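# Secondary and tertiary structure notes
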Amino acid sequence: MLVLLGFAMIAVFMVLIMTKKLTPVLALIIVPTVFGLFAGAGLGIGDMVLDSMKSMTSTAALLMFAIIYFGLMIDVGLFDPLVRFILRKLGNDPAKVVLGTAILAAAVSLDGDGSTTFILTTAAMLPIYLRLKMSPVVLTCVAGLANGTMNILPWGGPTARAATALKLDVNDVFVPMIPSLIAGLVVVLVFSWLLGLQERNRLRAVAPEIWGTPSSAEPFSAVAFDGGTPAAGTAGGSGTGRGRKGSGPAPAGLSPEGSSVAVLERPETLVDDRDSAMADTALDPNRKTLRPKLQWFNLGLTVAVMVMLVADLVPLPFVFMVGSAIALLVNFPKVKDQGAQLIAHAPSIVAVVSMVMAAAVLTGVLKGTGMVEAMSAWLVQIIPTSMGPFMAVITGVLSIPMTFFMSNDAFYFGVLPVLSETAAHYGISGAEMARASITGQPFHLQSPLVPAILLLVSLAKVDLGDHHKKVLWRTAVISLVMLGVGMLTGAIGIG
């Protein structure tokens, strides 16, 4: 009976979330309460939930103050110089543009919010893609790869969910996976460079008179442009230097001959366009929260926070609590401004922290009623003994499709606890199972169930199907690489 109730509860929970009949917070509270009462929990269900909630307070604190900290760093302009630096170094080479997109998306992904990452990356890079006649699908692909890989950061959501569901310290889950994260990012950069080369060759094939030919010995930008006009000897050039044919200026976005091929005047123009494109966004160059005089202080503080994260000398929630307090105090000395900053990030905080607290109902009922134990015992009976020691690896592989077709809440709070209980019979720790379960995140982030990816393709005006054709197999490769590196480093073991 407990096995049936347990699987039925998970199924109802997943269906309600995936069909959007209930928000994750409401589903996490209502569904387990109903099934817990059917399982005979009675009035003891309250104690089950509170006992479970005690283990989740540190995770809630981590998410809350990490959101405050990185949201504050974006507001004060910590990432603005990085954006400008990347854009100035890109020149007119599509390969560099795509690589710069990956670096920018990965850097902004440090805030743990996919929507913010995609808004900033699209606002910064889309004008360049359109001016260079590059495919926006490449932009969405690279941004999705970078953000999906960075999504295993402990304040990003999945790692915190895995730790919460298995009642683990989030540091125990994330820190051993840092080599896997680095390997994943390397693969992202390789894919980005290759995509950039493809775009470079495509543009040369479409308009060789403007972009040169693949066999050209000259640098790409020198072939394509010469100080703001087509280079000497190319279509639309004067053949004698930098002057235009004709007396009038060429229309914006057209070559002097009226061609539909875009011609950039200078790389600096991209930066100017980017500045105007940032108006009314989180990177608005005129926003009141900018603190340019404190740039080095904020950078040093962020580096210190990251060092403390890796060193694991102090509990991570306390690191972000202190970091957020220092950042607020120095950047916004006035109490009124401090309160305004906290209020500005309150919607993100409430959404995440309420989810963590509500998860205590599901995990408490699963554990308190004995559902998890009964379900794991049943799975142990049907899984061949020879496959038991590979449960962590199996979980990592399963996380790729399962997190694509269901939400993170459904997978981490509904499926992972059962798999973990089963793996425990073969000597595989919960931490190893949690680490394996987060390797599917690069693939998960491309799911249509993820609002952020829908926002990305909408901003870039890209068809979701086109995005999936380019991104899915690449994210699957990244997930498998992260899983493999985890196995090689011992973070994900075999029982």
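Residues numbered from 1 in each chain as written. Predicted model: local features only at pLDDT ≥ 70, side-chain atom pairs only at ≥ 80, totals over all residues. Heavy atoms only, no water.

## Comments concerning the packing of aromatic side chains
Scanning all chains against the criterion turns up 6 aromatic pairs. Both rings, one in phenylalanine 70 and one in phenylalanine 320, keep their centres 5.9 Å apart while their planes meet at 55°; by these two values the pair is tilted. Of this pair, phenylalanine 70 sits in helix α4 (residues 57–76) while phenylalanine 320 sits in helix α16 (residues 316–331); the two residues are 250 residues apart in sequence, bridging distant segments of the chain. For phenylalanine 70, a relative accessible area of 1% translates into the label buried. Since its relative accessible area comes to 0%, phenylalanine 320 is described here as buried. Ring centres 5.0 Å apart and planes at 80° place the aromatic pair phenylalanine 411 and tyrosine 412 in the edge-to-face group. By the ring-pair criterion, three or more aromatic residues cluster together here, those being Tyr69, Phe70 and Phe320. (Phe/Tyr/Trp six-rings, centres within 6.5 Å; stacked < 30°, edge-to-face > 60°. Helix = DSSP H or I, 4+ residues; strand = E, 2+ residues; numbered from the N terminus. Buried < 20%, exposed > 50% of the residue type's maximum accessible area, 1.4 Å probe, protein only.)

## So, the nonpolar core
Phe13, Met125 and Phe320 are the most contacted members of the largest nonpolar core, which has 131 residues in total. In terms of residue count, the dominant contributor to this core is α4 (13 residues). Residues within four places of phenylalanine 320 in sequence aside, it is in contact with Leu62, Phe65, Ala66, Tyr69, Phe70, Trp155, Val305 and Met306. (Core = buried A, V, L, I, M, F, W, Y, C linked by side-chain atoms within 4.5 Å. Contact = heavy atoms within 4.5 Å.)

## Some points on the pattern of salt bridges
Per the counting criterion, the structure on display carries 3 salt bridges. Across the pair arginine 200 and aspartate 93 runs a salt bridge, and its minimum N-O distance is 2.5 Å. Taken as a pair, arginine 200 in helix α11 (residues 178–206) and aspartate 93 in the loop between α5 (80–90) and α6 (94–108) lie far apart in primary sequence, 107 residues in all. Neither residue differs from the other here; arginine 200 and aspartate 93 are each classed as buried. With its nearest N and O atoms 3.9 Å apart, the salt bridge here joins glutamate 421 to lysine 367. (Salt bridge = Lys/Arg side-chain N within 4 Å of Asp/Glu carboxyl O.)

## Focus on the packing of helix α8 (residues 136–150) against α11
In contact at an axis separation of 9 Å, α8 and α11 are set at 175° when each is read in the N-to-C sense. Judged by the inter-axis angle, α8 sits roughly antiparallel to α11. On α11, the residues that touch Val138, Cys141, Val142, Leu145, Ala146, Thr149 and Met150 of α8 are Leu181, Gly184, Leu185, Val188, Phe191, Ser192, Leu195 and Glu199. Residues that form the contact of α8 with α11 fall into these classes: 11 nonpolar, 3 polar and 1 charged. (Axes fitted to C-alpha atoms, helices over the stretch in contact; angles between N-to-C directions. Parallel < 35°, antiparallel > 145°, perpendicular 65-115°, else oblique. Nonpolar A, V, L, I, M, F, W, Y, C, P; charged D, E, K, R; others polar.)

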